[in-house]
Amino acid sequence: MKKRARIDVKALPGTAANAADERLQVARPLRAVFNKVFPDHWSFLLGEIALFSFIVLLLTGVFLTLYFDPSMSHVTYNGSYLPLRGVHMTRAYETTLHISFDVRGGLIMRQMHHWAALLFMASIVIHMFRIFFTGAFRKPRELNWVIGVTLFIVGFLAGFTGYSLPDDGLSGTGLRIAHAIMLSIPVIGSWTANSLFSGEFPGPGAILPRAYIAHVLLIPGILLALISVHLGLVFKQKHTQWPGPGRTNTNVVGERMFPRYVIKQGGFFAIVFGVIALMGGLLTINPIWLFGPYEAAAVSAASQPDWYVMFLDGSTRLMPPWEIRAFGHTLPPLFWPTVVLPGVMFTLAMAYPFIEARRNRDTAIHNLLQRPRDVPERTALGAMAVAFYLVLTISGGNDPLAENFDISLNAMTWAGRIGLLIVPPIAYWAAYRICLGLQQHDREVLAHGVETGIIRRLPNGQFVEVHQPLAAPDAHGHTELEYTGWVVPKKMNRVGALAPAIKGFFYPVEEPAPPALPQAERRELESSGTR
Amino acid sequence: MTSDNPGRGAAATPPAGAARRRAGATAAGGRLRRRVGTVLRIAAALALAGGVYAGFAPGSATAAKDPASLSPAGQEGKALFDTNCTSCHGPDAQGVAGKGPSLVGVGAASVEFQVSSGRMPMARQEAQALRKRPVFTYDQTRQLAQYVQELGGGPQIPEGSMKLPGGTPEEQAAAVARGGTLFRINCASCHANAGGGGALSSGKFAPDLEPANDRQIYAAMLTGPQNMPVFGDNQLTPEQKREIIAYVHTLKAQEPGGWGLGKLGPVTEGMAIFLLGMTALIFTTLWIAGKS
């Protein structure tokens, strides 16, 4: 009998991988995936924040479902939060209090879930800004833009249903408003409201169990599906990249998926998780125990929705009370700011890539990004939209703002009304001028060189600043450098005059001075796929 | 009562309102001034009528004109009042048109609330007298209150502790919970669920309840300062008022979820997610990706 072979530890990963490949035949596709190249820029990581906070949402959400009961049946509270002892409330509110005060780790889970929801929406919006202002939505990525806007809308619904579940004073007020908004829709309004709420609200309807199923099953399912398609498309269409040396419309310069990119992403997930956990542990969010059970008669001052819904609250507050009566129907003023306005806003947002392509008669494929300053018109339009949204959002929170900054609430409302009309055009104009100014400065540096900060006095007494040309100058001291729409060095140490004083985030990295002209900092790698 | 037309509706306006109007109209033309003059005369007549009424009202202050009939504390109070308050509230607290209302009949509770919270003496005319550091000591405040009480009667803060009457911890908790329900129904619409306050129209606001002490909370309910409604003893019994006070204490005391961000709700939460969460994470992206 032969002696049994000793296990060779070093060969173990190889044999295991081989064994897996022989059965699953994954080596070839995996290699392609591992070698896939991702461009590296800080702004490409904003979408990841949304993805990671979604994961945190799923994890903490599952924990909450273990204890939450969306029932509207009435109970008398008998838990450990004394100031509500003996108060009549729904089971939904009771179980939320139970999670907060009697389940170990329940309160931090609730708070993490809520902070993660705010972060999810915040990062979606910031990520959208990045996509918009760099032109990343252009052909071939229009579909992904539309999916992105849809993700915002579905995320909005996820947030709103979640906010409604605890059945505390605030969520009841929110549902009441949602009910009123539905009723304001002409013709189908009362039917929609009645069938969704199954009866009047507030009342013994079925809205909580329904919102619950939407919140824990339907909406996360839709989000998951949309996110998968969203990421799948990024994978298939490849990531856009900034223009720059060595980067073209047909290659991708960056890092391989494995190992560096994956490691970085793993680390980033840990940090996102950490930030959410810190906020959940240290900062109170939605202290439902202060709001009490929902009672139609008790509406608190400063009742606000979460920040991403606040623009609707704002538009409602700014809307003058104009009621239209025609054909035996009444069209309440609520209809315009809460149904028509978001409808128009989201439609415009979704259609923007197509509108822009049509305006510019642009049918080309774009894999290179544009700097915001190089497309002043789009940047200005974006600034205008952001300003519009901001005025609405601030107006949505105008009562706490008025109180805390000692402004009259009436003045805030009027400032919002006027601001909504004049701030966006001003934002448009300002953004446009800033873009042109930045372009102009780039061109100046390309033509005359970097300002050195050295002042020279000429024999005739004149003072001039010495410029460091970026290439060999001609007889007039001008350089003929092409404007490429990419970073122009503007400081002397960017062109190697000084070693960077302190480089590195946590400790100084000592490095030789960089070469005279900016070059691709990392190895250039062709993506494994072909275009 | 804040109609912009200085001529109309004057007869129905109390003196202070009519005169506030005058302050706004002095810059306008002569005709306006004449009209305002009429308003003022009517206002003065009304104030006088008020004073005369107060003089004959039950629990009347006829005696107040005679310092000898005041209690010792009341006399101390009158001395303080004469030096500090008459400029706006007039001699014998009859009120001065355009400066301050008559205090006859507002009661000791109102004076104690206004003076102990520093609102009175008022520093300048504004939308709403603000809480400041009190000018008078507790004893002086009580003397002022006593003086106004003896002038014309009115609501008084009951003596003794504002604490809930004892009981088992269970009973105490139930009382606090009742106070909470009462608070959410009666007070939260202005002061917000967390007691952080809220804006009312035209620059007026319901303040944060944090700095108010027991007697001030009680007095606020009893007298309804400025834009706050009066919660008389038939609306909220003294027992219920004590329950509300106990509940307001729990609001101040605990923050089980960590720092409350000023207890302003979703507005500050939204700011926090951008200013803290998003900012931290964007710095992280700069750190791990570098600006290529």
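Residues numbered from 1 in each chain as written. Chains lettered and ligands numbered in written order. Predicted model: local features only at pLDDT ≥ 70, side-chain atom pairs only at ≥ 80, totals over all residues. Heavy atoms only, no water.

Novice: I'd like a rundown of the packing of helix α5 (residues 106-133) of chain A against helix α10 (residues 257-282) of chain A, residues and numbers included.
Specialist: Residues and elements named next belong to chain A. Packing of α5 against α10 leaves a shortest axis separation of 8 Å and a crossing angle of 125°. Between α5 and α10, the angle is such that the two are oblique. Crossing geometry of α5 relative to α10 is assigned as right-handed. Mapping the contact onto sequence places Ile-108, Gln-111, Met-112, Trp-115, Ala-116 and Leu-119 in α5 and Val-272, Phe-273, Ile-276, Ala-277, Met-279, Gly-280 and Gly-281 in α10. Tallied by class, the residues present in the contact of α5 with α10 amount to 10 nonpolar, three polar and no charged. (Axes fitted to C-alpha atoms, helices over the stretch in contact; angles between N-to-C directions. Helix = DSSP H or I, 4+ residues; strand = E, 2+ residues; numbered from the N terminus. Parallel < 35°, antiparallel > 145°, perpendicular 65-115°, else oblique. Left-handed = near helix turned anticlockwise from the far one by under 90°. Contact = heavy atoms within 4.5 Å. Nonpolar A, V, L, I, M, F, W, Y, C, P; charged D, E, K, R; others polar.)

Novice: Account for the state of the cysteines, naming residues and giving values.
Specialist: All names here are of chain B. Scanning the entire structure with this criterion turns up zero disulfides over all chains. The thiol sulfur of Cys-85 is not disulfide-bonded, and the nearest other cysteine sulfur, from Cys-88, lies at 8.5 Å. In this model Cys-187 remains outside any disulfide bridge; the closest cysteine sulfur is found in Cys-190, 8.7 Å from its own. (Disulfide = S-S within 2.5 Å.)

Novice: Tell me what's going on with the nonpolar core, and back it up with residues and numbers.
Specialist: Side chains of nonpolar character tend, in soluble globular proteins, to be buried together. Residues Trp-115 and Trp-307 of chain A are the most contacted members of the largest nonpolar core, which totals 72 residues. Elements represented by at least two residues in this core include exactly α3 (46-65), α5, α6 (142-164), α9 (207-237), α10, α12 (310-318) and α14 (376-396) of chain A together with α11 (266-289) of chain B. Examining the composition of this core, we find that 16 residues originate from one element, α5 of chain A, more than from any other. One finds Tyr-77, Tyr-93 and Trp-289 of chain A together with Tyr-247 of chain B within the second-largest nonpolar core, a separate group that totals 43 residues. (Core = buried A, V, L, I, M, F, W, Y, C linked by side-chain atoms within 4.5 Å. Buried < 20%, exposed > 50% of the residue type's maximum accessible area, 1.4 Å probe, protein only.)

Novice: Please give an account of the UniProt feature "domain: Cytochrome b/b6 N-terminal region profile" (unreviewed entry) in chain A that cites residues and values.
Specialist: Under the UniProt annotation, the feature "domain: Cytochrome b/b6 N-terminal region profile" (unreviewed entry) is placed at residues 16-243 of chain A. Helix makes up 68% of residues 16-243 of chain A and strand 4%, and the two end C-alpha atoms of the span are 42 Å apart. (UniProt positions renumbered as here; feature names shortened; annotations may be inferred.)

Novice: Go over the packing of aromatic side chains, please, and point to the residues and values.
Specialist: Geometry of an aromatic ring pair is reported as the spacing of the ring centres plus the angle between the planes. Residue and element names in this part refer to chain A. Summed over all chains, the structure comprises 29 aromatic pairs over all chains. Their ring planes at 75° and their centres at 5.3 Å tell us that Phe-52 and Phe-269 sit as a pair that is edge-to-face. Here the residue Phe-52 occupies a position in helix α3, and Phe-269 occupies one in helix α10, the gap between them amounting to 217 residues. Of the residues examined, Phe-52 reaches a relative accessible area of 8% and is grouped as buried. On the basis of relative accessible area, Phe-269 is assigned to the partly exposed category, the value being 25%. Plain terms: the ring middles of Phe-132 and Trp-145 are 6.2 Å apart, the flat faces sit at 40° to each other, and that makes the pair tilted. (Phe/Tyr/Trp six-rings, centres within 6.5 Å; stacked < 30°, edge-to-face > 60°.)

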